[in-house]
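Working through the structure, step by step
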Amino acid sequence: MQVADEELVNFGFSHRDDINPATGPRSYWFRFADIAHLTLPQVQAAIGELASAGQRGAKFMRACGIPLKAFVLRPGIGFFGLDEYTIDVPVMVRFSIEIR
């Protein structure tokens, strides 16, 4: 399984088949090329301490199963000036990769 540079990824505690923002207003994603060079602690810092995955919960990286154009770009608002992508509807996960 490979993640293309233009694919979006999401982080969390477990493998999932979908990410459903029903418990909150939206889900948050990064473009893989923007975070591929970061260490796990840097990814957690980019996610932010308010998100569970940012509190040392980035155990799995989930590759998005829908096109990037379906998301809203939030340029440079993340840690390190990273672009974040958000969406308010459920997102199918193509696959999850355990992070070690």
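Structure report, in brief. (Residues numbered from 1 in each chain as written. Predicted model: local features only at pLDDT ≥ 70, side-chain atom pairs only at ≥ 80, totals over all residues. Heavy atoms only, no water.)

1. Quick notes on the sheet that holds strand β4 (residues 60-64)
Pairing is antiparallel across the open sheet formed by seven strands, whose spatial order is β2-β7-β4-β1-β3-β6-β5. Single-partner strands in this sheet number two, and they are β2 (18-19) and β5 (72-74). Sheet topology places strand β1 (residues 8-12) next to β4; four bridges connect them, and they run antiparallel. When the bridges of β4 are listed, Gly 12 appears paired with Phe 60. (Pairing = 2+ DSSP bridges. Helix = DSSP H or I, 4+ residues; strand = E, 2+ residues; numbered from the N terminus.)

2. Some words on the side chain of Thr 86
Structurally, Thr 86 is set in strand β6 (residues 84-87). Taking the relative accessible area as the measure of exposure, Thr 86 reaches 2% and is therefore buried. In this structure the side chain of Thr 86 is engaged in a polar contact, spanning 3.0 Å, whose partner is the side chain of Arg 74. Apart from the residues within four sequence positions on either side, Thr 86 is in contact with Arg 26, Ser 27, Tyr 28, Phe 71, Val 72 and Arg 74. (Buried < 20%, exposed > 50% of the residue type's maximum accessible area, 1.4 Å probe, protein only. Polar contact = N/O pair within 3.5 Å; in protein donor to acceptor, adjacent residues only side chain to side chain. Contact = heavy atoms within 4.5 Å.)

3. What about the packing of aromatic side chains?
Inspection of every chain in the model, using the stated rule, returns one aromatic pair. Aromatic side chains Trp 29 and Phe 71 sit 5.8 Å apart centroid to centroid with 70 degrees between the ring planes, which places their arrangement in the edge-to-face category. Placement of the pair is Trp 29 in strand β3 (residues 27-31) and Phe 71 in the loop between β4 and β5, with a sequence separation of 42 residues. Overall, Trp 29 belongs to the buried group, its relative accessible area being 0%. (Phe/Tyr/Trp six-rings, centres within 6.5 Å; stacked < 30°, edge-to-face > 60°.)

4. Thoughts on the pairing of β1
β1 sits mainly inside the fold: five of its five residues count as buried. Here β1 shows a buried face lined by Leu 8, Asn 10 and Gly 12 and a second buried face lined by Val 9 and Phe 11. In the sheet, β1 pairs with β3 via two bridges, with the strands oriented antiparallel. Looking at β3, one finds that Val 9 is bridged to Phe 30.

5. Concerning the pairing of strand β7 (residues 91-98)
Direction of pairing for β2 relative to β7: antiparallel, over a ladder of two bridges. Bridging across to β7, Ile 19 finds its partner in Val 91. Here β4 runs beside β7; their pairing, made up of five bridges, is antiparallel. Looking at β7, one finds that Ala 63 is bridged to Phe 95.

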